[in-house]
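# Fold and contact review
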Amino acid sequence: MVSAMLRRPNREQSLADRILHLLRLYSSNWTGTVGRGDVVIPQREMAHLVRDLLSLFKQAQELPGEASEAEVFQTLMESQRLSSVQDRVSALRKRFLIIERPTGSG
C-alpha cells in the first residue's frame, strides 16, 4: 500500500527527540536523566539553548503536512491526460512525498 502523505506523528516524535537531546546536555549530574525532571541550565548557556530550540521549531514548521484528499484527487485527475503510467507516477512524485506504509497483520 502506498500513501501520498508525510507521517506527522513521526515528525512530531522526531522533534520531541531532538528537544530531549538538547535538554540531556543539561541533565543534572546526580541523576543523569531528563526523565526525572532534573535539568540544570547555566545562565551563560540559556541564550544558546533558546536559539537551538527556536531553530528546531522553525525546521518543524517548514516541513509540509499531510496531503488532503482533494489535493491527491486533483493531481490524479490532472495526470489522466498523460500517456503512460510512469508519467503519472512522476507527476505524483513531483507534487508529493510518497511514503510506503509497512504492511503488517492487522
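This is a predicted model, so every value here is computed, not measured.

## Considerations on the overall build of the chain
Summing up its helical and strand segments, the chain has four helices and two strands in all. Beginning at the N terminus, the succession of helices and strands in the chain can be written as β-α-α-α-α-β. For the chain, the proportion of its 106 residues judged to be buried stands at 21%. Taking the intrachain contacts of the chain between residues at least 6 apart in sequence as the baseline, contacts between residues at least 24 apart amount to 58%.

## Some words on a nonpolar patch on the surface
Nonpolar side chains collect at one region of the surface, where Val-50, Leu-54 and Phe-57 lie side by side and expose about 280 Å² of accessible area between them. By secondary structure assignment, the location of Leu-54 is in helix α2 (residues 46-62).

## Section: the confidence of the model for the chain
In the predicted model, the chain carries a mean pLDDT of 76, and 73% of its residues have values of at least 70. Predicted confidence is poor over residues 1-10, with pLDDT under 50, and the contacts of this stretch with residues over four places away or in other chains come to 26 contacts.

## Here we look at the environment of Asp-38
Relative to the helices and strands, Asp-38 is located in the loop between α1 (8-24) and α2. As a C-alpha pair, Asp-38 and Arg-24 span 14 residues in sequence and 9.8 Å in three-dimensional space.

## As for the nonpolar core
Counting eight residues, the largest nonpolar core is built from Leu-15, Ile-19, Leu-22, Tyr-26, Leu-49, Leu-53, Leu-56 and Ala-60. Broken down by secondary-structure element, the contributors of at least two residues to this core are α1 and α2. Here this core gets four residues from one element, more than from any other, and that element is α2. Filtering out sequence-adjacent residues up to four positions away, Ile-19 remains in contact with Leu-53, Leu-56 and Phe-57.

The rules behind these values
- Residues numbered from 1 in each chain as written.
- Predicted model: local features only at pLDDT ≥ 70, side-chain atom pairs only at ≥ 80, totals over all residues.
- Heavy atoms only, no water.
- Helix = DSSP H or I, 4+ residues; strand = E, 2+ residues; numbered from the N terminus.
- Buried < 20%, exposed > 50% of the residue type's maximum accessible area, 1.4 Å probe, protein only.
- Contact = heavy atoms within 4.5 Å.
- Patch = residues over 30% accessible without salt bridge, like charges linked within 9 Å, V, L, I, M, F, W, Y side chains within 5 Å.
- Areas by Shrake-Rupley, 256 points an atom, 1.4 Å probe, with all protein chains shown as cover.
- Salt bridge = Lys/Arg side-chain N within 4 Å of Asp/Glu carboxyl O.
- pLDDT = per-residue confidence, 0-100.
- Core = buried A, V, L, I, M, F, W, Y, C linked by side-chain atoms within 4.5 Å.

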